[in-house]
Amino acid sequence: MNSAIFNFQSLLTVILLLICTCAYIRSLAPSLLDKNKTGLLGIFWKCARIGERKSPWVACCCVVMAFSILFLQ
């Protein structure tokens, strides 16, 4: 049984996708994530903030991850 929790590369892929998805959703509908800044749903707001503030780094990580998945596996 291969799970994303136990495979480090899959876990990083899931985290990158979460950050990119939250940043995209916040760009379309900011009020959807801004009303939940604390608690369990606050994780999505924090991921959106990371995606907005560190977007060059996140984009670079996405390119490296895509290269790794396409050519190194």
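Residues numbered from 1 in each chain as written. Predicted model: local features only at pLDDT ≥ 70, side-chain atom pairs only at ≥ 80, totals over all residues. Heavy atoms only, no water.

A.B. asks: Residues and numbers for the overall build of the chain, please.
C.D. replies: Summing up its helical and strand segments, the chain has four helices and zero strands in all. When the elements of the chain are put in sequence order from the N terminus, they spell out α-α-α-α. Expressed as a percentage of its 73 residues, the buried residues of the chain come to 19%. Contacts in the chain between residues far apart in sequence, at least 24 positions, make up 53% of those at least 6 positions apart. As displayed, the chain offers around 5,600 Å² of accessible surface, 72% of which is attributable to carbon and sulfur atoms. (Helix = DSSP H or I, 4+ residues; strand = E, 2+ residues; numbered from the N terminus. Buried < 20%, exposed > 50% of the residue type's maximum accessible area, 1.4 Å probe, protein only. Contact = heavy atoms within 4.5 Å. Areas by Shrake-Rupley, 256 points an atom, 1.4 Å probe, with all protein chains shown as cover.)

A.B. asks: Tell me what's going on with the packing of aromatic side chains, and back it up with residues and numbers.
C.D. replies: A complete count under the given rule lists one aromatic pair for this structure. Taking the centre distance of 5.1 Å and the plane angle of 50° together, the rings of Phe67 and Phe71 count as tilted. Placement of the pair is Phe67 and Phe71 together in helix α4 (residues 55-71), with a separation of four residues, close to one helical turn. (Phe/Tyr/Trp six-rings, centres within 6.5 Å; stacked < 30°, edge-to-face > 60°.)

A.B. asks: I'd like a rundown of the environment of Ser10, residues and numbers included.
C.D. replies: On the secondary structure map, Ser10 appears in helix α1 (residues 8-28). On the basis of relative accessible area, Ser10 is assigned to the partly exposed category, the value being 28%. When the C-alpha atoms of Ser10 and Met65 are compared, they prove to be 9.8 Å apart, with 55 residues separating the residues in sequence.

A.B. asks: An account of the state of the cysteines is needed here, citing residue identities and associated values.
C.D. replies: With the rule as written, the count across this model stands at zero disulfides. No disulfide involves Cys20; its sulfur sits 3.6 Å from the nearest other cysteine sulfur, which is in Cys62. Residue Cys62 is classed as partly exposed on the basis of its relative accessible area of 28%. (Disulfide = S-S within 2.5 Å.)

A.B. asks: Talk me through α4; I want residue IDs and the actual numbers.
C.D. replies: If you check α4, its first and last C-alpha atoms are 24 Å apart, about what 17 residues at 1.5 Å a residue would give, namely 24 Å. Contacts from the buried residues of α4 go to α1 and α3 (42-53). (Expected span 1.5 Å × (residues − 1).)

A.B. asks: Quick rundown of the environment of Cys22? Include the residues and the values.
C.D. replies: One can find Cys22 in helix α1. Classification of Cys22 by relative accessible area gives buried; the value is 4%. Sequence spacing of Cys22 and Ile43 is 21 residues, and the spatial spacing of their C-alpha atoms is 9.6 Å. Apart from residues lying up to four places away in sequence, Cys22 is in contact with Leu33, Phe44, Cys47 and Ala48.

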